[in-house]
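Summary of the model geometry
Given next are the chains, with one letter for each unit.
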Amino acid sequence: MNGNCTEEDGTSSAFTSKLSPSADICVGLAILCMVLLSMLGNGLVLLICYRRRRILVGSELLCVNLAVVDFFCCVFFYPLSIFSSFTHMWLGQKLTCVYYGLGCYIFGLCGMFTITAISVIRYLKTCYSLLYVWLEGMRVRWVCAVIWLVAALWSCFPLFGWGEYVPEPYGLSCTVAWRGYHTSAKDAFYVICSFACFTLVPVLLIVVSQGLILYKVSRFSYSLSVQGIRNNLRHTEKRLTMMFFCISLGFITAWAPYAVVSFLFIFHKGSGYMAPEGFVLPALFAKSSHIYNPFIYFYFNKTFQRDLRHLLSSACPSLGRNRVGVHLGPGHPGPHPIHIQMMEQPKVVNKQESCEPKCKVHLEENRPVYLCWGSTHSDETPPAQEGAAKSLKQDSI
């Protein structure tokens, strides 16, 4: 009886927060802000990509896969951690802990594998263009399918006795039992393979691929600049290279502290070597990886910027109005609004000249501005022409 009570107390204490109540609330608010920003940014990316779904290329499909990972991970799993932070204990205990740990590990592996695939495919495009052409199109869809399949299979091993999903040391999240290395041979095998094959190898592929891409692009740009050649394609390629480099660097930087803290469990049987706050900060920093990818897309990719402007214009019709309040329809061909100014003609050369309004076009800050003159100085304006001039002036206002 006492043994059962002790086991129940130990289980309940494992799902109880080890932080102060104020720290729990701060953690919950921090995760809530990350979830809202991620849903907003990645939701916009998914919406824009859906509108352009017929013209997406290989690397863009992988970006869509990464946005799916970030968006749905914040929707289906992080709210449980937020509510647990506000109640100062993990809700649902063992059942929800397995659900949360399994789901977050699947999505985490998918994110890492997707960035690895982006880096390798970009490297093939830069250095081996023929092989890249072979991977384009439907084969990239197969790459995404394989990524999800491998991540799901490896994450399900703890459900069959190879590893385990347990609460984090601070009690408000769940993950793989990294300290299970000291429990059994199966757990040790799972932990070592998780770090070696599913963490270290992808990171090495990302770093090597991105390093070779930067070296190749810099050499190509230097050779063109020496020859005095200015190429818009070179500028576009450099922007895309920097975009994917920032995505890869950001992901590795966000997850590196958490991976190091988890890896230290191999050398320590318990979590007493570090205060609970020491586990919270790396975990929050890792969750921030879901936020910044959309901002990187919109900063470096001109296509995303243009599509975002069109999306906002269609969602808020007031953004699509010009200076004089004339609404431009969705089928308007011009990229800029038309600004019409009415001016009086400075002097009249001959009263016998035609009194019809004359327009002259010039550009003002890349916008076509129509300067229209009516013969307002003429005292003998015919009634028909006077009516046309008034109509034009009313339309311009």
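Residues numbered from 1 in each chain as written. Predicted model: local features only at pLDDT ≥ 70, side-chain atom pairs only at ≥ 80, totals over all residues. Heavy atoms only, no water.

What to know about the overall build of the protein chain
- Helix and strand content of the protein chain: 13 helices and five strands.
- Counting all 397 residues of the protein chain, 39% fall into the buried class.
- Counted over contacts in the protein chain with a minimum sequence separation of 6, partners at least 24 positions apart contribute 75%.
- As displayed, the protein chain has an accessible area near 22100 Å², and 67% of this comes from carbon and sulfur atoms. (Helix = DSSP H or I, 4+ residues; strand = E, 2+ residues; numbered from the N terminus. Buried < 20%, exposed > 50% of the residue type's maximum accessible area, 1.4 Å probe, protein only. Contact = heavy atoms within 4.5 Å. Areas by Shrake-Rupley, 256 points an atom, 1.4 Å probe, with all protein chains shown as cover.)

Side note on the packing of aromatic side chains
- Applying the stated rule across the entire model yields 20 aromatic pairs.
- Centroid distance Phe71 to Phe72: 5.2 Å. Interplanar angle 85 degrees. Geometry classified as edge-to-face.
- Its relative accessible area of 18% is what places Phe71 among the buried residues.
- With a centroid separation of 5.0 Å and 35 degrees between ring planes, the pair formed by Trp154 and Phe157 is classed as tilted.
- The partly exposed category is assigned to Phe157, whose relative accessible area is 32%.
- Members of the aromatic cluster, each reached through a chain of ring pairs, are Phe113, Trp154, Phe157, Tyr190 and Phe198.
- In this structure, Arg53 packs its charged tip against the face of Tyr50, placed 4.2 Å from the ring centre. (Phe/Tyr/Trp six-rings, centres within 6.5 Å; stacked < 30°, edge-to-face > 60°. Lys NZ or Arg CZ within 6 Å of the ring centre and 35° of its normal.)

What to know about the side chain of Glu60
- With respect to the helices and strands, the residue Glu60 is situated in helix α3 (residues 58-76).
- Once you skip the residues sitting within four places of it in the chain, Glu60 turns out to touch Arg52 and Ile55.

Quick word on the state of the cysteines
- Inspection of every chain in the model, using the stated rule, returns one disulfide.
- The partner cysteine of Cys97 in its disulfide is Cys174, sulfur to sulfur 2.1 Å. When the S-S torsion is -120 degrees, as for the bridge of Cys97 with Cys174, the disulfide is left-handed. Taken together, the positions of Cys97 in helix α5 (residues 93-127) and Cys174 in strand β2 (residues 174-176) put the pair 77 residues apart, joining distant regions of the chain.
- On the basis of relative accessible area, Cys174 is assigned to the buried category, the value being 4%. (Disulfide = S-S within 2.5 Å.)

Details of the environment of Lys94
- Note on placement: Lys94 falls in helix α5.
- Given the relative accessible area of 39%, Lys94 is considered partly exposed.
- Considering only alpha carbons, one finds Lys94 and Tyr165, 71 residues apart in sequence, at a separation of 8.8 Å.
- Those residues in contact with Lys94 that lie beyond four places of it in its chain are Phe15, Glu164 and Tyr165.

Remarks on the packing of helix α4 (residues 78-87) against α5
- Between α4 and α5, the shortest axis-to-axis distance is 10 Å and the interhelical angle comes to 135 degrees. Taken together, α4 and α5 sit at an angle that is classed as oblique. With respect to the hand of their crossing, α4 and α5 are arranged in left-handed fashion. In contact with Tyr78, Leu80 and Ser81 of α4, α5 contributes Thr96, Tyr99, Tyr100 and Cys104.
- Taken together, the residues of the contact of α4 with α5 break down into five nonpolar, two polar and no charged. (Axes fitted to C-alpha atoms, helices over the stretch in contact; angles between N-to-C directions. Parallel < 35°, antiparallel > 145°, perpendicular 65-115°, else oblique. Left-handed = near helix turned anticlockwise from the far one by under 90°. Nonpolar A, V, L, I, M, F, W, Y, C, P; charged D, E, K, R; others polar.)

Concerning the pattern of salt bridges
- Evaluated as defined, the whole model comprises three salt bridges.
- Among the ionic pairs, Glu60 bridges to Arg52, the shortest N-O distance being 3.3 Å.
- Here Arg52 falls in the buried class, since its relative accessible area comes to 13%. (Salt bridge = Lys/Arg side-chain N within 4 Å of Asp/Glu carboxyl O.)

In short, shape yes, function no, at least from these values alone.
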